[in-house]
Structure formats: C-alpha cells, structure tokens
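Understanding the architecture of this molecule
As a plain string of letters, each chain reads:
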Amino acid sequence: MPQFAANLSLMYTELPFLERFAAAARDGFAAVECQFPYAFAPAELAARLADNGLAMVLLNAPPSGMDRAAMAMAWEQQARGTAALPGREAEFRRGVQEALEYADALGCPRIHVLSGMVPAGVERESLKGLCVDNLRWAAALAGQSGREILIEPINLRDMPRYFLNRQDHAHELLDAAQMDNLKVQMDLYHCQIVEGDVASKLRRYLPTGRVSHLQVAGVPERQEPDRGELHYPYLFDLIDSLGYAGWVGCEYRPAAGTSEGLGGLERTQSGH
C-alpha cells in the first residue's frame, strides 16, 4: 500500500498550524507536506518535525514576493506563481532561493514551483519558452543541494487560466528543459477533473520515473478519498503494482474533522 503524507495546509485546520504536526503524528503519519511555510521561521518548523518524528517531504515555493513577509501573504492575495509570467523572473528566482533555504532547514527533498495565471490576451504557448528557462534555472540551483523541482498540472475549475493543466503538458516541459531533477507532481484530483482516464495516466507516466510525488483527494468536492467518483482502492493497488515507491500526499479538505475522516482513508486501503 502507498505511504501517505498529511498535507498540513488542508488537513487539521481545526488546529493552529504549529499544532498540526503533533496531530498528524498522533494519527500515525510519518511524513507531512505543506503549501506555504513562510509565515514561520525555518528553525521553528524544524523543531516541530523533530519533536514529532516527522519528515517534511514536499513544500511549495512562494507564489510571489521578494521578501518573506510578502511571500507569506501572497497566496491569500491571489498570487498563483510566476514561473511562466513575463517580467517576473527576478521574483521567481528569489522565491526559489527562499524555498531552498526552507528545504535545507527542514530536510525537504522536493519543491513545487507554481507557474502562474496566463495573462488576458496572451496565448499559453507563447509562455512555454520562458517557463522552461525558469524551470531549468531552478532545477540547476536545487541540484546543488540534491533537491528536486516539481511542477503540477492544476485544474481550471479551481484555478482559472492557470498555465499548466494537463499531464502531457507537464512532460513536454520536462522534455524541453532536460534536467534530471525536474519532475512532475501528479495530483489525481486535478487529473480526474481535467482529463480523466486516471488509471491510464498512471500506467503511462509512473514507469518513466519522472513522477516524484502523488497527491489524492475525492472528486469533485476535494474531500476524503473514499468520497466521490474516483475508486481509490483500485488506484492504490495499481500504484503499488507499478512499483511507485514515493509518497502520496493527502491534499484534501476533511468533510468534518481530520482525525474523524481518516477512517475513510483506511477504507480505501482495505478496499471496503
């Protein structure tokens, strides 16, 4: 059965952020991920990981901002990344540098970078070269400390005009960048909404070794994986059969209390 990481940005939101580490550990998680840790000092987060015997396996680079205070507020201010945005190269690089500082302090091997929203009147294809250049730069820098840069296709219902939506688009960017530590973060929730045929996508892309992280949630409400139209017992068995040894992030919004809803995750593992 896959190994699961709790997403502390969406799970345990009934608790203050710094208390979510202990809650995840009490519920049996060995690993966590988070979206944007920039409101907290790296040393403070590292202490929470150590105190609870947890590994941080994924974090996001900031969606915008040139300093930590701006980075911490950027998501709430509707920033959605800069990797594909003209004129934002310096901001993108500063964000990657900050994310790598956090990754170093937390022992986190993977950083997801957000591409941004396609500006009105601009064709997506015209931004591809800029995005590839930015990703190549980020991967080169991350490679110096043995870390990976990840990109994630995100559905247009949740994030209208987002630059990267499809699995094939993500792998095209990897083909163009030609960096071994540039990988794909494959969220099965987003994949189902945008293109469906999730099992075939897993069969196609997991054997390439270029998918470094998976995420799951029920579709369409983004709640526990035992809810909705995806049959996760089958998908988890398939993931195992394909030899995937990475983490599966539980990036879902619990319907009514995180710990209470974990029985649903257990049911997806047992097939009942």
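Preceding block: the structure.
Heads up: these notes are all about the structure in this document.

What counts as what
- Within any chain, residue numbers begin from 1 and follow the written order of that chain's sequence.
- In keeping with the model being predicted, local features are shown solely for residues with a pLDDT of at least 70 and side-chain atom pairs are shown and tallied solely at 80 or more, while totals for entire chains, interfaces and linings include all residues.
- Side-chain metrics rest on all non-hydrogen atoms present in the structure, leaving aside hydrogens and water.
- Any residue under 20% of the maximum accessible area for its type is buried, any over 50% is exposed, and the rest in between are partly exposed; the area is computed with a 1.4 Å probe on protein chains only.
- The helix count covers DSSP runs of H or I at least four residues long, the strand count covers runs of E at least two residues long, and both are numbered beginning at the N terminus.
- Pairing between two strands is assigned when DSSP locates at least 2 bridges connecting them.
- Throughout, right-handed denotes a crossover for which the path from the first strand over the helix to the second runs clockwise when the strands point away from the viewer.
- Method remark: on a 1 Å grid restricted to protein atoms, a set of points is classed as a cavity if a 1.4 Å probe fits but cannot get out and as a pocket if it is open with protein on both sides within 12 Å along at least five of seven lines; lining residues have an atom within 4 Å of a point.
- Grid points are joined across faces, edges and corners, and a volume is the space filled by probe spheres set on the points.
- For this classification, the nonpolar set comprises Ala, Val, Leu, Ile, Met, Phe, Trp, Tyr, Cys and Pro, the charged set comprises Asp, Glu, Lys and Arg, and every other residue, Gly included, is treated as polar.
- Pairing of aromatic side chains here covers Phe, Tyr and the six-membered ring of Trp, requires ring centres within 6.5 Å, and sorts the geometry by plane angle: under 30 degrees stacked, over 60 edge-to-face, intermediate tilted.
- Remark: a charge is flagged as sitting over a ring if the NZ atom of Lys or the CZ atom of Arg is within 6 Å of the ring centre and within 35 degrees of the ring normal.
- Side-chain atoms within 4.5 Å are what join buried Ala, Val, Leu, Ile, Met, Phe, Trp, Tyr and Cys residues into a set we call a nonpolar core.
- The contact definition used throughout considers only heavy atoms, calling two residues in contact when any of these lie within 4.5 Å.
- What counts as an axis is a line fitted to C-alpha atoms, over the stretch in contact for a helix, and the angles between N-to-C directions run from 0 to 180 degrees.

Moving on: the pairing of strand S5 (residues 148-151). Alternating positions in S5 separate into two faces, Glu148 and Leu150 on one and Ile149 and Ile151 on the other, with burial throughout. Pairing geometry for strand S4 (residues 110-112) and S5, over three bridges, is parallel. Following the sheet pairing, His112 is matched in S5 by Leu150. Tracing the backbone out of S4, into helix H5 (residues 128-143) and back to the parallel element S5 gives a crossover that is right-handed. Pairing of S5 with strand S6 (residues 182-187), which is carried by three bridges, proceeds in the parallel orientation. Bridge pairing in S6 links Ile149 to Leu182. Between S5 and its parallel partner S6, the chain crosses via helix H6 (residues 167-177), and the hand of that crossover is right-handed.

Turning next to empty space enclosed by the protein. Taken as a whole and judged by the stated rule, the model has one cavity of 30 Å³ or more. In this structure, the largest cavity occupies an estimated 70 Å³ of space. Residue composition of the lining of the largest cavity, by class: seven nonpolar, five polar and one charged.

Looking now at the pairing of strand S1 (residues 3-7). Counting buried residues in S1 gives four out of five residues, a clear majority hidden from the surface. As paired strands, S1 and strand S8 (residues 247-250) are joined by four bridges and run parallel to one another. Residue pairing in the sheet places Phe4 in a bridge with Val248 of S8. Of the strand pairs in this sheet, S1 and strand S2 (residues 31-34) are connected by three bridges, and their pairing is parallel. In the strand pairing of S2, Asn7 is matched with Glu33. For the crossover that starts at S1, traverses helix H1 (residues 20-26) and ends in the parallel S2, the hand is right-handed.

Moving on: the packing of aromatic side chains. Scanning the model with the defined rule gives six aromatic pairs in all. Ring geometry for Phe17 against Phe21: centres 5.7 Å apart, planes inclined by 85 degrees, an arrangement best described as edge-to-face. Of the two residues, Phe17 and Phe21, both sit in the buried class. The structure contains a cluster of three or more aromatic residues connected by ring pairs, namely Phe4, Tyr232 and Phe236. We note Arg80 situated over the ring of Trp75; from NZ or CZ to the ring centre the distance is 3.5 Å. Above the ring of Phe163, the side-chain terminus of Arg124 is found at 4.4 Å from the ring centroid.

On to the nonpolar core. One finds Phe21, Phe29, Leu188, Leu202 and Leu214 to be the most contacted residues of the largest nonpolar core, which totals 82 residues. No other element matches helix H4 (residues 89-106), which puts seven residues into this core. Ignoring anything within four residues of it in the chain, the contact list for Phe29 reads Phe4, Ala5, Ala6, Met11, Tyr12, Ala24, Leu54, Cys250, Leu262 and Leu265.

In this section: the sheet that holds S4. The parallel closed barrel is built from eight strands, whose spatial order is S1-S2-S3-S4-S5-S6-S7-S8. On average, each strand axis in the sheet is tilted by 30 degrees relative to the strand beside it, whichever way the strands run. Together, S5 and S6 form the strand contacts of H5, whose direction differs from that of S5 by roughly 150 degrees.

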